[in-house]
Amino acid sequence: MAAHNDLGKWGEQKAAEYLQKKGYSICHRNWRLGHRDLDITAITPDGDTLAIVEVKTRSNVDFAQPEEAVDWRKRRNLAVAANAYVKRYQMQCNVRFDIISIVVAPDGSADIDHMENAFMPY
């Protein structure tokens, strides 16, 4: 497996652990709809909201911040997949789109930035 895939899996694991420590209930990881995927779906600690969480992991930020990779096309794909997810599981709650940006620190730890309500779907 390519190093960037390993880094992405590592970042998604760190993001899931972070959310669980914050009281979120993880519903699914890497839920797929054709070529579209949702990295993490989770219920917020208050139980009122489904968070669709896009995880972006980078080994450095020399060129751009990880969250900058969530462009209009990615947002549209997330919205399509989220709509199918909500219908399939008959979710009757609020939905929001979050981004968790992870940068590997020099000591190998994860520098995590959780942006709640990071964007509105197209």
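That block above? That's the structure.
Residues numbered from 1 in each chain as written. Predicted model: local features only at pLDDT ≥ 70, side-chain atom pairs only at ≥ 80, totals over all residues. Heavy atoms only, no water.

Remarks on the sheet that holds strand β1 (residues 25–33)
Condition: Two strands are said to pair when DSSP picks up at least two bridges between them. Numbering of helices and strands starts at the N terminus; helices are DSSP runs of H or I of at least 4 residues and strands are runs of E of at least 2. Lines fitted to C-alpha atoms define the axes, with helix axes restricted to the stretch in contact, and inter-axis angles between N-to-C directions lie between 0 and 180 degrees.
With mixed pairing, five strands are arranged side by side in an open sheet as β1-β2-β3-β4-β5. Taken across any chain shown, the strands that pair with only one partner, and hence form the sheet edges, are β1 and β5 (110–119). Neighbouring strand axes in the sheet, compared pairwise and without regard to direction, differ in orientation by 30 degrees on average. With seven bridges connecting them, strand β4 (residues 94–104) and β5 associate as antiparallel partners.

So, the nonpolar core
Cut-off, in case you're wondering: The set of buried Ala, Val, Leu, Ile, Met, Phe, Trp, Tyr and Cys residues whose side-chain atoms join them within 4.5 Å is what this entry labels a nonpolar core. Only protein chains enter the accessibility calculation, which uses a 1.4 Å probe; a residue whose area is less than 20% of its type maximum is buried, one above 50% is exposed, and one in between is partly exposed.
By size, the foremost hydrophobic cluster in this structure holds 15 residues, and its most contacted members are L38 and L50. No other element matches the five residues that helix α2 (residues 72–88) contributes to this core. If you look at the next biggest cluster of nonpolar residues, it comprises 11 residues, including L19, Y24, I40 and V55.

Concerning the state of the cysteines
Disulfides are covalent bonds that connect the sulfur atoms of two cysteines. Filter applied, for reference: For the purposes of this analysis, a disulfide is any pair of cysteine sulfur atoms at a distance within 2.5 Å.
Within the structure shown, the criterion is met by zero disulfides. The thiol of C27 is not disulfide-bonded; the next cysteine sulfur, from C93, is found 8.1 Å away. Taking relative accessible area as the criterion, C93 reaches 27% and is therefore assigned partly exposed.

Some words on the packing of aromatic side chains
Applicable threshold: The rule is short: rings of Phe, Tyr and Trp, with Trp giving its six-membered ring, pair when the centres are within 6.5 Å, and they are stacked under 30 degrees, edge-to-face over 60, tilted in between.
In total, this model carries four aromatic pairs according to the counting rule given. Joined through ring pairs, the aromatic side chains of W31, Y85 and Y89 make up one cluster.

Remarks on the pattern of salt bridges
To be explicit about the condition: Criterion for a salt bridge: a side-chain nitrogen of Lys or Arg within 4 Å of a carboxyl oxygen of Asp or Glu.
A full pass over the atoms with the stated rule returns six salt bridges. A salt bridge links D37 to K74; the shortest N-O distance between them is 3.7 Å. One end of the pair, D37, is in strand β2 (residues 36–43); the other, K74, is in helix α2, with 37 residues separating them in the sequence. E54 is the partner of K74 in a salt bridge, and the nearest nitrogen-oxygen pair spans 3.6 Å. Highlighted residues: K74 in helix α2 and E54 in strand β3 (residues 49–58), separated in sequence by 20 residues. Neither K74 nor E54 differs from the other in exposure class; each is buried. Salt bridges linked by common partners bring D37, E54, K56 and K74 together as one network.

Quick word on the pairing of β4
Counting buried residues in β4 gives eight out of 11 residues, a clear majority hidden from the surface. Of the pairings in the sheet, the one linking β3 to β4 comprises 10 bridges and is parallel in character. Paired with L50 across the strands is V95, a residue of β4.

Side note on the environment of R58
Looking at the secondary structure, you find R58 in strand β3. Considered as a pair, R58 and I102 are 44 residues apart in the sequence and their alpha carbons are 6.3 Å apart.

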